[in-house]
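Summary of structural features
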Amino acid sequence: MNLQDLYRDVILDHNRQPRNFGPLQPADAHAEGHNPLCGDRLTVWLRLDGDRIADIRFEGQGCAISTASASLMTEAVKGKDKAAVQALYERIHALLTDPHAQADAATLGKLAALGGVSEFPARVKCATLCWHTLNAALEHSADAVSTE
Ligand code: ZN
């Protein structure tokens, strides 16, 4: 099995059986994301322990890329603090948008499977939707005193 087949299998597996799928109750923060280009919709819930993501779940309806990306993201960020999540997102964004970026499987783990998306620029927003939604949830949690 070559690397491309392996990556395709990871995407298909996480689309068919999304990890951490379903509402998180109680949650410290949540955010909703929408990608109008494709019709993907996601909600991400977080439970925080200080600066660290103690638990994360998501729910939504969308294409295989958006669902698999969110599933892979929840596995990757659980237990990480905000700085580590931001650093990971920057690596993922480079992987998704630069066809010459090398998938650093050692640090990205299964998220490296999303590398093939860079060949389909129209799908990049499908793969990044969950990360934007996660960032929005983390920002909301920062001003928990807001009357919003
Ligand atoms: Zn999509």
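Scroll up a little and you will see the structure.
We now examine the packing of aromatic side chains. Tallied over the full model, the rule gives 2 aromatic pairs. Between Phe-21 and Phe-58 the ring centres are 5.2 Å apart and the planes differ by 90°, which places this aromatic pair in the edge-to-face class. Taken together, the residues Phe-21 in the loop between α1 (3-16) and β1 (29-35) and Phe-58 in strand β3 (residues 52-61) connect sequence positions 37 residues apart. Residue Phe-58 is classed as buried on the basis of its relative accessible area of 1%. Relative to Trp-131, the ring of Tyr-89 has its centre 5.7 Å away and its plane inclined at 35°; by these criteria the two rings are tilted. One end of the pair, Tyr-89, is in helix α3 (residues 82-97); the other, Trp-131, is in helix α5 (residues 124-142), with 42 residues separating them in the sequence.

A few words now on the coordination of the zinc ion. Ideal geometry at a metal centre: 109.5 degrees between donors when four sit tetrahedrally, and 90 or 180 degrees when six sit octahedrally. Donor atoms from the polypeptide that bind the zinc ion are Cys-38 (SG), Asp-40 (OD), Asp-40 (OD), Cys-63 (SG) and Cys-126 (SG), placed at 2.2 to 2.6 Å. If you list the donors of the zinc ion from N- to C-terminus, the spacing comes out as C-x1-D-x22-C-x62-C. On the criterion of sequence distance, the pair formed by Cys-38 in the loop between β1 and β2 (40-49) and Cys-126 in helix α5 is long-range, its members being 88 residues apart.

Time to look at the pairing of β1. For a regular strand, side-chain orientation follows a simple rule: the groups alternate between the two sheet faces. Of the two faces of β1, the one lined by Ala-29, Ala-31, Gly-33 and Asn-35 is fully buried and the one lined by His-30, Glu-32 and His-34 carries no buried residue. When β1 meets β2, the two strands line up antiparallel, connected through 7 bridges. In the sheet register, Glu-32 faces β2, and the bridge partner there is Thr-43. Taking the residues that link successive antiparallel strands as the turn, the β1-β2 hairpin has 4 residues, and the phi of Gly-39 there is positive, at about 95°.

As a further point, take the pattern of salt bridges. Scanning all chains against the criterion turns up 6 salt bridges. With a closest N to O distance of 2.7 Å, Arg-19 and Asp-13 form a salt bridge. Assessed through its relative accessible area of 22%, Arg-19 is described here as partly exposed. The class for Asp-13 is partly exposed, based on a relative accessible area of 25%. A salt bridge links Arg-52 to Asp-49; the nearest nitrogen and oxygen atoms lie 3.1 Å apart. What you see here is one network of salt bridges that share partners, running through Asp-13, Arg-19 and Glu-75.

Conventions and cut-offs
Residue numbers restart at each chain and count upward from 1, following the sequence in its written direction. In view of the model being predicted, local features appear only for residues whose pLDDT reaches at least 70, and side-chain atom pairs are presented and counted only at 80 or more, with totals across whole chains, interfaces and linings using the full set of residues. Values shown for side chains rest on all heavy atoms present in the structure; no hydrogens or waters enter the calculation. The pairing test for Phe, Tyr and Trp rings, Trp by its six-membered ring, is centres within 6.5 Å, and the orientation test on the planes gives stacked under 30 degrees, edge-to-face over 60, and tilted for anything in between. Helix and strand definitions follow DSSP, with helices as H or I runs of at least four residues and strands as E runs of at least two, each counted in order from the N terminus. Note on exposure labels: buried denotes an accessible area under 20% of the residue type's maximum, exposed denotes more than 50%, and partly exposed covers the range between, all computed with a 1.4 Å probe on protein chains only. Coordinating N, O and S atoms are those within 2.8 Å of the metal (3.2 Å for Na, K and Ca), and as water is not part of the atoms, a site may appear to have fewer donors than expected. Only when DSSP finds a minimum of two bridges between them are two strands counted as paired. When a carboxyl oxygen of Asp or Glu lies within 4 Å of a side-chain nitrogen of Lys or Arg, that pair is called a salt bridge.

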